[in-house]
Amino acid sequence: MQTSLAESSPGAPSDTLKGFSGVYRSAGGRARITSILLGIVGFIALLSTIQDGLGFGLIEDARMGLLTAEEANAFDSGMAHLALWTLGVEVVTAVAFLAWLSRTVDNVPALRGGRPMVTPRWSIGWWFIPFANLVKPFQIVRDVHDRMAIGASSDGGWIVLAWWLSWVVGRMIAAIAELVPPPINPDAINLDALGKQFSFRGIADSLTLLGAILAIVVVLRIQWRADTRA
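Please read these numbers as outputs of a predicted model, since none were measured by experiment.

Chemist: Can you explain the pattern of salt bridges? Please cite residues and give values.
Modeler: According to the stated counting rule, one finds 4 salt bridges in the structure shown. For Glu90, the salt bridge is made with Arg171, and the minimal N-O distance between the two is 3.3 Å. On the criterion of sequence distance, the pair formed by Glu90 in helix α3 (residues 69-107) and Arg171 in helix α6 (residues 157-179) is long-range, its members being 81 residues apart. For Glu90, a relative accessible area of 25% gives the class partly exposed. Residue class for Arg171 comes out partly exposed when judged on its relative accessible area of 31%. A salt bridge links Asp143 to Arg147; the nearest nitrogen and oxygen atoms lie 3.0 Å apart. Taken together, the positions of Asp143 and Arg147, both in helix α5 (residues 136-147) and 4 residues apart, correspond to about one turn of that helix. The exposure class assigned to Arg147 is partly exposed, which follows from its relative accessible area of 27%.

Here you go:
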């Protein structure tokens, strides 16, 4: 279904077309792909959280002198594979999410949602501007969520906020984990430092899991609103 912006908003000023395509193109396919990828991100985060928990067991074994080299190497290999999978899937998911968001922002005027706070291009660009990307992307998604409301009210804004906080805080804690002094020194493994790393990583992975679940809810909720309006 394609609807010209001029037809859907008769009498609207011409400047509302600047930066927008002027036609409605469903973002449903992009929403489904994004939701599937977010589910994979959540599943990998769950596995990472479990792996972090297993790390504490290895620390106890090391303290008692029961940890073998084979067990340590297998654990390190598992962590490395999870980290690699996490990086790859998150990059692909980010591309899919931004593609969905850009199309959704572009559809807002055609669906009689008024003019969004940013153009489709800037709905992507703001994610890459340091410091501003801690707030602006949330505002963009919340703006689209509210503009696509069915009826006079736009309930459920807390879901968008919960998603954003879990994502931002999770990323901050993951960064803190990297600032913990390296657990390995020339003489021995610092088990206390290693335990701190597992603690921070476990919290960060748990928040990533929560954020992925909430992100799926946000995407499907906004897409349902857009489909209903269409």
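Chemist: I'd like to hear about α6, residue by residue, with values.
Modeler: Taking 1.5 Å per residue, 23 residues should reach 33 Å; α6 reaches 34 Å between its end C-alpha atoms and fits that length. Those residues of α6 that sit buried are Gly157, Ile159, Val160, Trp163, Trp164, Ser166, Val168, Gly170, Ile173 and Ala177. Contact partners of the buried residues in α6: α3, α5 and α7 (191-229).

Chemist: Please give an account of the environment of Met148 that cites residues and values.
Modeler: Secondary-structure assignment places Met148 in the loop between α5 and α6. Met148 sits 39 residues away from Pro109 along the chain, and the two C-alpha atoms are 9.9 Å apart. Leaving out residues up to four positions away in the same chain, Met148 has contacts with Val108, Leu111, Gly113, Arg225, Ala226 and Arg229.

Chemist: Can you lay out the packing of aromatic side chains for me, pointing to particular residues and giving the numbers?
Modeler: Within this structure, the stated rule accounts for 10 aromatic pairs. The interplanar angle of 45° and the centroid separation of 5.4 Å between the aromatic rings of Trp122 and Trp126 together place this pair among those described as tilted. When the centroid spacing of 5.6 Å and the interplanar angle of 75° are considered together, the rings of Trp127 and Trp164 count as edge-to-face. With Trp127 in the loop between α4 (120-125) and α5 and Trp164 in helix α6, this pair connects stretches of sequence that are 37 residues apart. Of the two residues, Trp127 and Trp164, neither departs from the other in class, the shared state being buried.

Chemist: Tell me what's going on with a nonpolar patch on the surface, and back it up with residues and numbers.
Modeler: A contiguous nonpolar surface patch, about 450 Å² in accessible area, is contributed by Phe43, Leu46, Leu47, Ile50 and Leu54. Residue position: Phe43 is located in helix α2 (residues 28-63).

Chemist: Report on the nonpolar core, specifying residues and quantitative values.
Modeler: Counting residues in each nonpolar core, the largest one holds 31 residues, and the members touching the most others are Phe97, Trp100, Leu101, Trp127, Val141, Trp163 and Val218. Mapped by element, the contributors of at least two residues to this core are α2, α3, α5, α6 and α7. Here the element with the most residues in this core is α7; it accounts for 6 residues. Residues Ile59, Leu191, Leu194 and Phe198 belong to the second largest nonpolar core, which totals 6 residues.

The rules behind each value
Residues numbered from 1 in each chain as written. Predicted model: local features only at pLDDT ≥ 70, side-chain atom pairs only at ≥ 80, totals over all residues. Heavy atoms only, no water. Salt bridge = Lys/Arg side-chain N within 4 Å of Asp/Glu carboxyl O. Helix = DSSP H or I, 4+ residues; strand = E, 2+ residues; numbered from the N terminus. Buried < 20%, exposed > 50% of the residue type's maximum accessible area, 1.4 Å probe, protein only. Expected span 1.5 Å × (residues − 1). Contact = heavy atoms within 4.5 Å. Phe/Tyr/Trp six-rings, centres within 6.5 Å; stacked < 30°, edge-to-face > 60°. Patch = residues over 30% accessible without salt bridge, like charges linked within 9 Å, V, L, I, M, F, W, Y side chains within 5 Å. Areas by Shrake-Rupley, 256 points an atom, 1.4 Å probe, with all protein chains shown as cover. Core = buried A, V, L, I, M, F, W, Y, C linked by side-chain atoms within 4.5 Å.

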